[in-house]
Structure formats: structure tokens, C-alpha cells
Amino acid sequence: MSLFRKPKKSIQRRVFSERDDDDELMDVEESFSTEREHKKKDKSKHVPKKQPLLSFETEEEGEVFQVKKSSHSKRVMRLFEKERQKKKEPKPEKEEIKSVKEPVTEIVTDDLVLKVNSNHKPKTPSPPLILSGRDALCAGKDDLSSDEEDSARHRFSKPDKVKILLESGVIPDAAMIHAARKRRQRARELGGEFVPLEEEEPEGSGRMHREDNQDEVSDEERIDMDANPEVRDQERRREQFLAAQESDQEADQELDEWENQQIRKGVTGASAANIQPEYYNQFDPTVVQVQTPAVDPSTQRTPEAIIEKLREKFESVCASRNSHMQQLITVQDNLIEVNNELEVLKKRAPVAAERFKFYQELRGYITDLVECLDEKVGIISDLEQRALNLMAHKAEWLIERRRQDVRDQAEELTSMAKGIVRRANEDEEKVRRAAEREGRRTRRRRAREQQGQPRHVEGMSSDDEITQQDTLNFDKEREQLDGEIQEVFEDVVDDYTSVANILIRFEQWRETDMNTYTDAYATLCLPRIVGPLIRLNLIFWDPLSESVELEKLEWYRTLALYGLHDDETEAALSKDPDINLLPTIIEKIIIPKLDKLVDRCWDPLSSSQTLKLVGILSRYIRRFPSLGPASKPLQNLFNAILHKLKGALENDVFIPVTFKLSESKSSFFQRQFASGLKLLRNITCWQGILNDNMLKEIALNSLLNRYLLSAVKVCQITDGVAKVGLISHILPRIWLQGNTPQLQMFSVCVTNFAQQLDKDNPLHFESIETLSNVLKSLRN
């Protein structure tokens, strides 16, 4: 069956009688049957005898496998044979070919005109084309499979021009395929006004079977060849419209019936009798009544009503006009205010532009400053740690040397008492240390004599002398660190390396706009900004050994004068947001620096270091109110001080109290007792700064009662009274008053010495006077 439908063409229907139709149908059937029988006989003559295809197959049992070729492949092979025969024929001359005009076949369809050259040939000989897919379907792949099917075409159908061209060997082009598709689409849209193609039937059914079926079909089911599609469409639409109208009428009737039923349900039986028949008639669609509505005299148009209506309209218009006038006045006032504000803003524009420029520059400066400090703060911290390690190494070496001297002297006295002989190599090392120790003592004694100092108690001086070689090594490392300190900001301009230059920028901001200065929390940021520069300047600051006051440093004076004006009053100063700038710097930077120095470098047995440390702390506490009990850095510093005092009490106090040691001619006992008294004096220096209870626990219980009074008891009476006098002078007067439990042992010792003294003995006169003064202080 072809894929292309036959072109639509109105055919004049021929009127036949019943007899003529029957005769014609019989003639057609007989002709088809005779043709089919002749073709079967012809085919049977040309069919060769079956031969076995396989060597092991017999004639009786063998089957022949043959490949059936489609009609399309047969036609292609036929065209290929024609082309080959034409090539064998002699070709005419070129001039004759040019003179002869090629015939052109014109195919006219409903919407296209196709011109096909019948003599068109491919340029080069090629094997027949084998089409597949949509091309094979469009080329008539599913047409009748043999010549018998071609002869079975319906006699009333219009010949398919496209199919004829395909059978003649013309290769369809895109235009031809498009025209065939378009014609088929139009036939689908028109519906039943074309002759349908014959459907495929299963094998074994022939033309006679289809004709038998056609005979059974009634005349009404036959296709009407004379039907006009436009008339048919009009009839079909008309029938649909009438059917829809009837359905609407039925729906309206059902709706009216439903409404009547609902009304009847709402009316009770008692009231239904009183209802007039006209009431039901107005809901009955079968009763048509024309009711004229009653006219209310109050709604009639009278001149007075019209005048009243116009008056109301006039009043509303006047009210609207008044409101519009008020709005106009308000808008005019707003316009005047806006113009005035615009003039003011124009005058302020240069000031705003200048302020904008200032803030842009300040923003860039602060951004660069923060980036610079972020890069340098790590280097500054490393230099601080290295300098602290250098100073701590020196302090720890001096403390360890003093403790080694105490151990050497104690071992020497013990060995002398027990008669133990040491080895030679150990004696050489001890002899070297003893010679250095005695040399330092001699040099200190000569220095005191040259200065004319009063009588000095042996053991009260600090042994902090170092050799020249050690001093050179220390100075060399310090110079190396100084060079690295100078190189930290070598690649930075002066605006970012000086505390004064940084504060100048912030003071300009403060004077330009104080509100934004406070809103930006510049006061809280300043200590963190200038902190790295101050730490860099204080890397080698050592208040324990040098008497360098912070008040004399440049950055201190700059911070103290920041934001200060000549005409500033005390009331204005109290409202200054930067009034706590310097106390904050002291609390956040100086106190932590002192905490590290105390922990690593402070020697509690050194009176000079202790007095300097006490002096600087007492001055800062009095001057800066931020250094109070709530200050966490100050609490950490006090804890470090107490820790160092306890460490010195455990490691540096050694007073031999045995009888033999006390009777020896060596002054080791006296020196160690003097060292204990010096530690007691250094501890009492913190009275008023540290907690008194903690100091009393360390000074009285741990040092006085455990070590000093035990040593006093084994001394001679005159020596003991002298030592008791020194202790009473060292202890604060407030501690001696009240006879506290910590001083009971000291009071008992003084009383015992008073009982042992002889008033008639001239050697005891000085001791008696000393004890009387001690007793007076205890009683007061």
C-alpha cells in the first residue's frame, strides 16, 4: 500500500441500475480471477526444480531457503539494467546533444508544481541507491510487492503521479517528498471526502475475498463520491449547534424545576393555603405575566429634588476645592522649606567635601598603619623574649653563684668538724670559687671604706659583681639586639614609626569631629595601636638595676599631653574620653612588663632591686586609679612577687644553729644570719602594698620564728640582744602593736634576755638599753 494518498478530485458519479451494478461487478471479478490464474501458471512454468543446497541434504527431506526481494529492490535492479544498456549504446555527438532540448515532466498538485527532467542521469555511474527509514517509506517501500499488485489498482482511483515517477526511475528530491507529505496531511484534515486506501490483508486472502466483503456492505456505507466538503462541514456544525441548544433548554428546565421544588419545601402546609395562586404563577415558567412596578412618589424627579441634589453637589465640590487649596498651600510651604534647605546644603557642600577628603585620607592611613603593625608585632615580640632571656640569664647566674657559695661554705665547715678529707680535683674547684668569693668581698669592703660609709654588717651586702669577660659577652649580645631593634621600622616612613606622629593624626580627627571619634571607639583602639611602639622602646627597660623613670621618656610625655588645651578646665577634663589613655597604657603594657621582670630577673635578697621595685609600684598605684584591686594585671604582678619571696625563703635562708658550728671561729653563721635579716627587711618593704596577712605569714611565721629566733637562742647574751634589737628595728611598728600571735615567740625571747641581763655588769648596759627600747615598742 502506498504511503501517499490519491489526489482529491470531484468525480461525476455515474448512475447505474441494480442490474448493471451486478453485471459489472461480476465482469470485474471474472477478469481478476482469470488474470490471477494466468499469472500463477506463468510463474509455475518458470520455477526451477528444487535442488538440495547442502551436501548432507536429500531430495526428499531438504528445504530451500530463498531470500524474497521487495518490489523496491526489484525496481531499483530494473533501473540499474536500463542504465547499463544505455551506456552500451553509441553516444551522439556533443553538438546534437546540445541542440536537443531535454523534455521536462511537469507535476501539478493542489499547492505545488514539480518539474522533473525525465532524462536526468547521475554524473557518474553508481550502484542503485538503497534507501532506509523515512526515505524508504516516502519512496514507496510499502507499495504492492509485485506487478500483480500494480494491476490490482482500483479502476476508479486517480493515478498517483508521484508513484508513476518513482516507478519510471526518477529519484525523488526534497520538493517532491514535501509535496507528497503535504497532500497526505490535507487528506487527513478533510476526513471522509477522499477514497481510502485499501488495507493490508493477511496472506491467503485475495481480491475475490475483498470483493465478497464489499458486496455485503450496504449502499449507505459506500463512499459518497459527490459529497462537497464545505456543505458537509456546514451540516455537521448545524447539527452540533442544534444538539447543544436542546441540551441547554433541558438544563434550564431542570434548573427551573429544582427552584420550584426548593420554594415548595420552604413553604409550610399552613401558610401554603394563604398564598395566592399568583405567587405560584410568578415562579411557573409556563405562566407569562407582565407586572408593572409600582412607582414610589418619593423617588419622583421634582424641581425641588433636583435643586437639592445640585446644592449637595455644589457643597461637595466646594469642600473638595478647599481641601485642594490647603494641600496646595502645604506643598508651597514644603517647597519653600526644601529650597531653603537646598541653599543651606549648597553652602555646606564645600565643608562636606573637605570632611569627606579628610576621612578618606584618615581611612587610608589607619588601614596602612594596622597592616604595618600586624606585620611588625611578631618581630617585636621575638625581640622582647630574646632581651628578657638575656637579662634573666644574668640574674639567674648571680643567684646560682650565691647559692653555690653557701653550699661550699657549709660543706667546708661540716668537713672540718667531722675531719673528712676531700679529693684533690674537688678541692681545686672549691678553692677557685672561694678565692673569687673572698676577692669580691675584699673589693666591696675597700669601696665602702673609700666612700666613708658607717659600720657595715657582714652579709648584708648583695654579691652582684660579674667578671669582665661576662660583661663583654653581655654587652655584645645587647648591641646585637639593639641593631635588630633599629632595623624593625627601617623600611617604614616616619608617620608610622613614632607615637607622636600617630597621635597627631588621631588628635586631628578628634578636633574635626568629636562625635564620630567617640562613635568609632577610637579611645579604646589607641592603646592597642601605640602599644607595639611602646613595647619596642621598652625592650631593655630594667627598673630593677637602672633608675630610669618612665615619666622622662618621650612617649610618656606625648601620651600625657594628648588632647590637652591651654584653656581646658577641670570640668571639661573630666568629660574628656581620653582621660584614661595613659593609665590604660600603664595597666596593659607596663605592669605586664614588670610581671615578666619579677618572675625572671628579680632577686628578693637584693635590697637595691627590691627598693626600686617597691618605689615604682607604689608611685604607679598612687598616681593611676586604674591600678586597683580589680586590675587583673596588677593581681598577676602581686602573685609573682609572693611566689618569688616564698622561693627565696626556701632556697636562700640557711642559718647553722648547731653548737659546734656556732662556736667555730668562722663568720659563716653571722653572715647567714645577716642574710636572713636582709630578707626580712626586703619582705617588710612590701607592707602597705601587698596583703598584710600574707606578708605576716611569710615574714613572721616562716622566717622570724623558724630561722632567726632559733639562731638568736644559741648566741651569747650580748650578741643575742643586739640581734633582737636589729629585728625590732626592721619590723614595722604596726606589726609590733597588739601582741599578735605571730609575735608571741619574739616577746618571749625578749623577756628571757631581760631576765638574764645583770644591771651591775658594765658590759650589759648597752644590751639593757636595747631591750628596754624593744619592750617599749612591744607594749605600745
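Everything numeric in this text was worked out from a predicted model, so none of it was measured.

A. Up close: the overall build of the chain. Regarding its fold elements, the chain presents 29 helices and two strands. Considering the chain as a whole, with its 780 residues, one finds that 30% of them fall into the buried category. A separation of at least 24 residues holds for 75% of the contacts in the chain among residues at least 6 apart in sequence.

B. Molecular detail of unusual backbone geometry. Unlike most non-glycine residues, Tyr-521 shows phi in positive territory, near 55°. Owing to a relative accessible area of 56%, Tyr-521 belongs among the exposed residues under this scheme.

C. Examining a nonpolar patch on the surface more closely. On the surface, Leu-561, Leu-564, Leu-573 and Ile-579 cluster together into a nonpolar patch covering about 350 Å² of accessible area. Of note, Ile-579 is situated in the loop between helix H19 (570-574) and helix H20 (581-600). On the basis of relative accessibility, which here comes to 39%, the residue Ile-579 falls in the partly exposed class.

D. View of the packing of helix H22 (residues 632-651) against helix H25 (residues 692-713). One way to put it is that H22 packs onto H25 with a least axis distance of 11 Å and a crossing angle of 5°. In terms of orientation, H22 lies roughly parallel with respect to H25. Touching Leu-642, Lys-646 and Leu-649 of H22 are Met-694, Ile-698, Ser-702, Leu-703 and Tyr-707, all from H25. Its residues placed into classes, the contact of H22 with H25 shows six nonpolar, one polar and one charged.

E. Just the side chain of Thr-684, in detail. Checked against the element boundaries, Thr-684 lands in helix H24 (residues 668-684). Residue classification places Thr-684 among the buried residues on the basis of a relative accessible area of 10%. Among residues more than four places away in sequence, those in contact with Thr-684 are Ile-730, Pro-732 and Trp-735.

F. Layout of the environment of Ile-590. Along the chain, Ile-590 falls in helix H20. Counting along the chain gives 56 residues from Ile-590 to Ile-534, while the straight-line C-alpha distance between them is 9.3 Å. With near-sequence residues (within four places) excluded, Ile-590 lies in contact with Leu-538, Trp-541, Leu-550, Trp-555, Ile-585 and Tyr-620.

G. A look at helix H21 (residues 607-623). Counted at 1.5 Å a residue, the expected span for H21 with its 17 residues is 24 Å, and the 24 Å between its end C-alpha atoms agrees. Residues Ser-607, Gln-609, Thr-610, Leu-613, Val-614, Ile-616, Leu-617, Ser-618 and Tyr-620 constitute the buried set of H21. Among the structural elements, H20, H22 and H24 are those in contact with the buried residues of H21.

H. Structural view of the packing of aromatic side chains. Evaluated as defined, the whole model comprises eight aromatic pairs. A ring pair is formed by Trp-602 and Trp-686, whose centres lie 6.0 Å apart and whose planes are at 80°; its orientation type is edge-to-face. Of this pair, Trp-602 sits in the loop between H20 and H21 while Trp-686 is found in the loop between H24 and H25, placing the two residues 84 residues apart along the sequence. Judged on exposure class, the residue Trp-602 and its partner Trp-686 are both buried. Ring plane angle 55° and centroid distance 6.0 Å describe the contact between Tyr-620 and Phe-624, whose orientation is recorded as tilted. Given a relative accessible area of 0%, Tyr-620 falls into the buried group. What makes Phe-624 buried here is its relative accessible area of 4%. Within the aromatic cluster, the residues linked to one another by ring pairs are Phe-506, Trp-509 and Tyr-517. The ring of Tyr-365 is capped by Arg-505, whose NZ or CZ atom sits 4.3 Å from the centre of that ring.

I. Spotlight on the nonpolar core. Of all hydrophobic cores here, the largest spans 115 residues; its most connected members are Trp-555, Ile-590, Ile-641, Trp-686, Ile-727 and Phe-746. Broken down by element, this core gets its largest block of residues, 14 residues, from helix H12 (residues 303-418). Split by domain, the residues of this core number at least three in each of domain 1 (351-420 + 469-652) and domain 2 (654-779).

J. Layout of a positive patch on the surface. Among the surface-exposed residues, Lys-74, Arg-78, Lys-82 and Lys-86 lie close enough to one another that they form a single positively charged patch. Mapped onto the secondary structure, Lys-86 falls in helix H2 (residues 71-88). For Lys-86, a relative accessible area of 45% translates into the label partly exposed.

Definitions and limits used
Residues numbered from 1 in each chain as written. Predicted model: local features only at pLDDT ≥ 70, side-chain atom pairs only at ≥ 80, totals over all residues. Heavy atoms only, no water. Helix = DSSP H or I, 4+ residues; strand = E, 2+ residues; numbered from the N terminus. Buried < 20%, exposed > 50% of the residue type's maximum accessible area, 1.4 Å probe, protein only. Contact = heavy atoms within 4.5 Å. Patch = residues over 30% accessible without salt bridge, like charges linked within 9 Å, V, L, I, M, F, W, Y side chains within 5 Å. Areas by Shrake-Rupley, 256 points an atom, 1.4 Å probe, with all protein chains shown as cover. Salt bridge = Lys/Arg side-chain N within 4 Å of Asp/Glu carboxyl O. Axes fitted to C-alpha atoms, helices over the stretch in contact; angles between N-to-C directions. Parallel < 35°, antiparallel > 145°, perpendicular 65-115°, else oblique. Nonpolar A, V, L, I, M, F, W, Y, C, P; charged D, E, K, R; others polar. Expected span 1.5 Å × (residues − 1). Phe/Tyr/Trp six-rings, centres within 6.5 Å; stacked < 30°, edge-to-face > 60°. Lys NZ or Arg CZ within 6 Å of the ring centre and 35° of its normal. Core = buried A, V, L, I, M, F, W, Y, C linked by side-chain atoms within 4.5 Å. Domains from an automatic or database assignment. Lys, Arg positive; Asp, Glu negative; His and termini not counted. Charge placed at Lys NZ, Arg CZ, Asp CG, Glu CD.

Function cannot be read off these values alone, since they describe shape.
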